[in-house]
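For reference, the chains in residue letters:
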Amino acid sequence: MSSENSSIREKSPAESHAEVIVRMFPSDANPAGNVFGGEILKHIDMVAGIVAQRHSQSNAVTVCMDSVNFLKPVFVGNVLTLNARINYVHNSSMEIEVKAEAEDIVTGIRTVTGTAFVTFVALDTHGKPIHVPKLALKTDDDRIKFEEGKLRMDRRLKNRQK
């Protein structure tokens, strides 16, 4: 594993946070007006990728998406807001948490519609994994999410070995 980025200073989760806002159109949905899950997944992957690249300051690729939960439907005309933050880092990998929220513009009602955890690996210019900056855990929430992320990462690694 390359240590090309090992000199990068620690970063807090707030430094790489990202929010993406997207309007949902008929081409994003089925005939009943429900936005396709795959369309939502695309946006989850994109916003998580922004966080991973902000944190690592390098190319980063999706390794897995887990604990994806579609809690409520998203409809044509809704504004989809995706908030993403980094929870955990380990060598070259990063766990990003994404929360999706739909807003009905007419009523102003906002509803949490989904959540996901996405794992990325940082790569150097030759496509080899590189070390990523450590997380500067500044708040109790940062520390809790880091520990929870570590447990999830340990589970992922065990499942890969099966």
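Each remark here, short or long, concerns the structure printed above.
Everything numeric in this text was worked out from a predicted model, so none of it was measured.

Trainee: Quick question: what am I supposed to make of the layout of surface pockets here?
Mentor: Where empty space is left becomes clear once a probe the size of a water molecule has been rolled over the atoms. Of the voids in this model, the second largest pocket is the one considered here, and its volume is about 180 Å³. Lining the second largest pocket are 13 residues; nearest its centre among them are Ser93, Thr119, Met153, Leu157 and Arg160. Of all elements in the fold, only β2 (59-70), β5 (110-123) and α3 (140-160) reach the threshold of two or more residues within the lining of the second largest pocket. Residue contributions to the lining of the second largest pocket peak at 4 residues, all from α3. Of the residues in the lining of the second largest pocket, the class split is 6 nonpolar, 5 polar and 2 charged.

Trainee: How should I be thinking about the side chain of Glu101 in this particular structure?
Mentor: Examined against the element boundaries, Glu101 turns out to sit in strand β4 (residues 93-103). Residue Glu101 is classed as buried on the basis of its relative accessible area, which comes to 15%. Only 2.6 Å separates the side chain of Glu101 from the side chain of Arg110, close enough to count as a polar contact. When residues no more than four places from it in sequence are discounted, the contact partners of Glu101 are Val79, Leu80, Thr81, Arg110, Thr111, Val112 and Thr113.

Trainee: Teacher, can you tell me more about the sheet that holds β2 here?
Mentor: As a general point, the strands of a sheet are linked pairwise by backbone hydrogen bonds and lie either parallel or antiparallel. Strands sit in the order β1-β3-β4-β5-β2 across an open sheet of 5 strands; the sheet is antiparallel. The sheet is open, and its two borders are formed by β1 (18-23) and β2, each paired with just one other strand. Taking each pair of neighbouring strands and ignoring which way they run, the sheet shows an average axis angle of 25°. Pairing between strand β3 (residues 79-90) and β4: 11 bridges, direction antiparallel. By the bridge assignment, Arg85 is partnered in β4 with Glu97. Each of β1, β2, β3, β4 and β5 touches helix α2 (residues 37-56); the most contacted strand, β2, lies at about 135° to it. Strand contacts of α3: β2, β3, β4 and β5, with the helix running at about 75° to β3, the strand carrying the most contacts.

Trainee: Can you help me understand the side chain of Thr119 in this one?
Mentor: When you line up the elements, Thr119 lands in strand β5. We classify Thr119 as buried; its relative accessible area is 3%. Of the polar contacts made by the side chain of Thr119, one reaches the side chain of Arg156; its length is 3.5 Å. In this view, Thr119 contacts Val61, Thr62, Val63, Cys64, Ser93, Met94, Met153 and Arg156; residues no more than four positions away in its chain are not counted.

Trainee: Looking at this structure, I do not really get the pattern of salt bridges. What am I missing?
Mentor: Side chains carrying opposite charge are able to pair once their charged atoms draw close together. Inspection of every chain in the model, using the stated rule, returns 12 salt bridges. Between Asp66 and Arg156 there is a salt bridge, with the nearest N and O atoms lying 2.6 Å from each other. In this pair, Asp66 is assigned in strand β2 and Arg156 in helix α3, connecting sequence segments 90 residues apart. Its relative accessible area of 10% is what places Arg156 among the buried residues. Residues participating in the shared-partner salt-bridge network are Asp66, Glu95, Arg152 and Arg156.

Thresholds applied
- Residues numbered from 1 in each chain as written.
- Predicted model: local features only at pLDDT ≥ 70, side-chain atom pairs only at ≥ 80, totals over all residues.
- Heavy atoms only, no water.
- 1 Å grid on protein atoms, 1.4 Å probe; cavity = no way out; pocket = protein on both sides within 12 Å on 5 of 7 lines; lining within 4 Å.
- Points joined across faces, edges and corners; volume = space filled by probe spheres on them.
- Helix = DSSP H or I, 4+ residues; strand = E, 2+ residues; numbered from the N terminus.
- Nonpolar A, V, L, I, M, F, W, Y, C, P; charged D, E, K, R; others polar.
- Buried < 20%, exposed > 50% of the residue type's maximum accessible area, 1.4 Å probe, protein only.
- Polar contact = N/O pair within 3.5 Å; in protein donor to acceptor, adjacent residues only side chain to side chain.
- Contact = heavy atoms within 4.5 Å.
- Pairing = 2+ DSSP bridges.
- Axes fitted to C-alpha atoms, helices over the stretch in contact; angles between N-to-C directions.
- Salt bridge = Lys/Arg side-chain N within 4 Å of Asp/Glu carboxyl O.

Distances and angles like these do not, on their own, reveal function.
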